[in-house]
Amino acid sequence: LQSVVPGGWLILVAVGQDVTVRVTYSILSKLCKVALWSLDDDSTTATVYSREEKNLENLVVIAVQKRSGVINTMACAWGEKTQDMLKEERRIMDEICIGRSFYERSSSNQLCKESIQKAAKALLEHGIVVLRDVFHKSHVDAHAKAVLSDLDAAITRLKHTRGVDILQPGSSKDPVSYRELAMREDLRVDLRDGPSMKNLLRQEDLLLHPPAVKLIAQLACNPKGQHYGGNFGRWNFDGHGPDGSPSPLHFSPIGAVVSFPGCADQAIHADTPHLFEHSDLPPHYINLFIPSTKLDEENEEDDEFDGDALVGGTAFLIGSQKLQVCERIMKEENRKERLARLIRPSLCIGDALLFDCRVLHFGLANQSPTTRRPMLYVNITHKWFVDPKKLGR
């Protein structure tokens, strides 16, 4: 079962005198976890063929789809959901996840045209999209090691030269923000421009901006309008005129948010404001998250990772990049809808997550006793946009 790629199909053929559709589904439910397979969704589980006749062996063929992505049901202290809510969260996770087909994995193209268009559509509609297995795991691992090395050096230097112990909040001087390190809150730090990280960037590009990511960001940030030929201002600033080509985007150097064991859930927030409040415009600022922590260490060796992990991650309120949705769900009387829109993607090394920085989200608690979780990130913005909060610009 583990050999089936995310979004792929499993076909079960059952033959025998006692075989029925009900018996076959019962066998299927024992083989496949609902966290990993769409057993509860009629659109992704189907009886392909059923022959039940006297004096003949019965034949039943059933197809079931593997989920494109999984969720972390252990995360978020206030996000306890009913079974129906979990079913809907898994359905949405499948909708926002783009799994790579066998063809895409065996060819030089990471994602085909249809997958890229589907990803851009999900990003615009839901404010978030997950791309499965698009980065080289060894490259991501190298970056994670550089981040943790720089973090250890920063912790030691702050403690010995400034009297700041970021591992013991409240026990020493309050930490302040520096160019290389900024506190997000207790036991969660933003790290950039460390010597190991910069040295790694000089050595290689690490393929952390694959073509598929760039194309999806371009499509989401630069939707082509019907009357693009009227944008004559594009002759300015070394432009090529109103030719409908996408405006260039800026990709920041790689940074990392590191969550230490014991850090709590963040408050719900958005990373950037809307440019205007009269209408929902396309995104001007997207974040690329690249997970770098192995999440399935608690799993038995033969078990496939089902998404539940102690180290947390990031949760999102889908669709909240839209003004009307955000205004409505943040009212206390609409807490039920807020919970219904909560999605907790569980990402593996090699995956990528793109989100509109106007979407509501929050870092999840790291409940692991020992694991420091670095989440690599890249800020993707229009060339003209500068976020004063971010380091390095």
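The structure contained in this document is the topic of the report that follows. (Residues numbered from 1 in each chain as written. Predicted model: local features only at pLDDT ≥ 70, side-chain atom pairs only at ≥ 80, totals over all residues. Heavy atoms only, no water.)

## Here we look at unusual backbone geometry
Thought 1: The phi torsion at Asp133 lies on the positive side, around 55°, for a residue other than glycine.
Thought 2: Counting through the fold element by element, Asp133 comes out in the loop between strand E6 (128–131) and helix H5 (137–162).
Thought 3: We note that Asp193 has phi near 65°; this positive angle belongs to a residue other than glycine.
Thought 4: Inspection of the secondary structure assignment puts Asp193 in the loop between strand E8 (188–191) and helix H6 (195–203). (Helix = DSSP H or I, 4+ residues; strand = E, 2+ residues; numbered from the N terminus.)

## Things to note about the sheet that holds strand E13 (residues 342–343)
Thought 1: Strand order in the open sheet formed by three strands is E13-E12-E16, and the pairing between neighbours is antiparallel. Each end of this open sheet is capped by a strand with a single partner; those strands are E13 and strand E16 (361–363).
Thought 2: Of the pairings in the sheet, the one linking strand E12 (residues 314–317) to E13 comprises two bridges and is antiparallel in character. Of the residues in E13, the one forming a bridge with Leu317 is Leu342. (Pairing = 2+ DSSP bridges.)

## Here's the deal with the side chain of Ser259
Thought 1: Position of Ser259 among the secondary structure elements: in strand E10 (residues 255–259).
Thought 2: Its relative accessible area of 0% is what places Ser259 among the buried residues.
Thought 3: Within the structure, the side chain of Ser259 is placed 3.3 Å from the side chain of Arg188, a separation counted as a polar contact.
Thought 4: Excluding residues that lie within four positions of it along the chain, Ser259 makes contacts with Leu187, Arg188, Asn366, Thr371, Arg372 and Arg373. (Buried < 20%, exposed > 50% of the residue type's maximum accessible area, 1.4 Å probe, protein only. Polar contact = N/O pair within 3.5 Å; in protein donor to acceptor, adjacent residues only side chain to side chain. Contact = heavy atoms within 4.5 Å.)

## Let's talk about a nonpolar patch on the surface
Thought 1: On the surface, Leu1, Val23, Ile27 and Leu31 cluster together into a nonpolar patch covering about 320 Å² of accessible area.
Thought 2: Tracing the backbone through its elements, the reader meets Leu31 in helix H1 (residues 21–31). (Patch = residues over 30% accessible without salt bridge, like charges linked within 9 Å, V, L, I, M, F, W, Y side chains within 5 Å. Areas by Shrake-Rupley, 256 points an atom, 1.4 Å probe, with all protein chains shown as cover. Salt bridge = Lys/Arg side-chain N within 4 Å of Asp/Glu carboxyl O.)

## Points about the pattern of salt bridges
Thought 1: Evaluated as defined, the whole model comprises 20 salt bridges.
Thought 2: The salt bridge partner of Asp94 is Arg67, with a shortest N-O separation of 3.2 Å. A residue pair is termed long-range when its members are at least 10 positions apart, and Asp94 in helix H2 (residues 83–96) and Arg67 in the loop between strand E3 (58–65) and strand E4 (70–71) qualify at 27 residues.
Thought 3: Given a relative accessible area of 16%, Asp94 falls into the buried group.

## Considerations on empty space enclosed by the protein
Thought 1: On inspection of all chains with the given rule, the structure shows three cavities of 30 Å³ or more.
Thought 2: By volume, the largest cavity is sized at about 130 Å³.
Thought 3: Around the largest cavity, the lining is made up of 16 residues, and of these Pro291, Gly313, Leu347, Arg373 and Met375 lie nearest the centre.
Thought 4: Going through the elements one at a time, strand E11 (285–291), E12, strand E14 (345–346) and strand E17 (373–382) are the ones with two or more residues in the lining of the largest cavity.
Thought 5: Here the lining of the largest cavity gets three residues from one element, more than from any other, and that element is E17. (1 Å grid on protein atoms, 1.4 Å probe; cavity = no way out; pocket = protein on both sides within 12 Å on 5 of 7 lines; lining within 4 Å. Points joined across faces, edges and corners; volume = space filled by probe spheres on them.)

## Overview of the packing of helix H4 (residues 113–126) against helix H7 (residues 211–221)
Thought 1: Where H4 contacts H7, the two axes come as close as 9 Å, and the packing angle between them is 50°. Taken together, the axis directions place H4 and H7 in an arrangement best described as oblique. Between H4 and H7 lies a crossing of right-handed hand. Mapping the contact onto sequence places Ile116, Ala119, Ala120, Leu123 and Leu124 in H4 and Ala212, Leu215, Ile216, Leu219 and Ala220 in H7. (Axes fitted to C-alpha atoms, helices over the stretch in contact; angles between N-to-C directions. Parallel < 35°, antiparallel > 145°, perpendicular 65-115°, else oblique. Left-handed = near helix turned anticlockwise from the far one by under 90°.)

## Observations concerning H2
At 3.6 residues per turn, the α-helix brings residues three or four places apart onto the same side.
Thought 1: Taking 1.5 Å as the rise per residue, H2 with 14 residues should run 20 Å; its terminal C-alpha atoms sit 20 Å apart, in good agreement.
Thought 2: Listed as buried for H2 are Met85, Leu86, Glu89, Arg90, Ile92, Met93, Asp94 and Ile96. (Expected span 1.5 Å × (residues − 1).)

## Description of the side chain of Asn366
Thought 1: Examined against the element boundaries, Asn366 turns out to sit in the loop between E16 and E17.
Thought 2: In this structure Asn366 comes out as buried when scored by relative accessible area, which is 1%.
Thought 3: Reaching out from Asn366, the side chain makes a polar contact with the backbone oxygen of Ser259 at a distance of 3.0 Å.
Thought 4: If we skip the residues at most four places from it in the chain, Asn366 touches Ser259, Phe260, Pro261, Gly262, Cys263, Leu310, Val311, Thr371, Arg372 and Arg373.

## Topic: the environment of Thr314
Thought 1: By secondary structure assignment, the location of Thr314 is in strand E12.
Thought 2: As for Thr314 and His361, which are separated by 47 residues in sequence, their C-alpha atoms are 6.9 Å apart.
Thought 3: Every residue in contact with Thr314, bar those within four places of it in the chain, is listed here: Phe289, Ile343, Arg344, Pro345, His361, Phe362, Gly363 and Leu364.

That is the geometry; function is a separate question.
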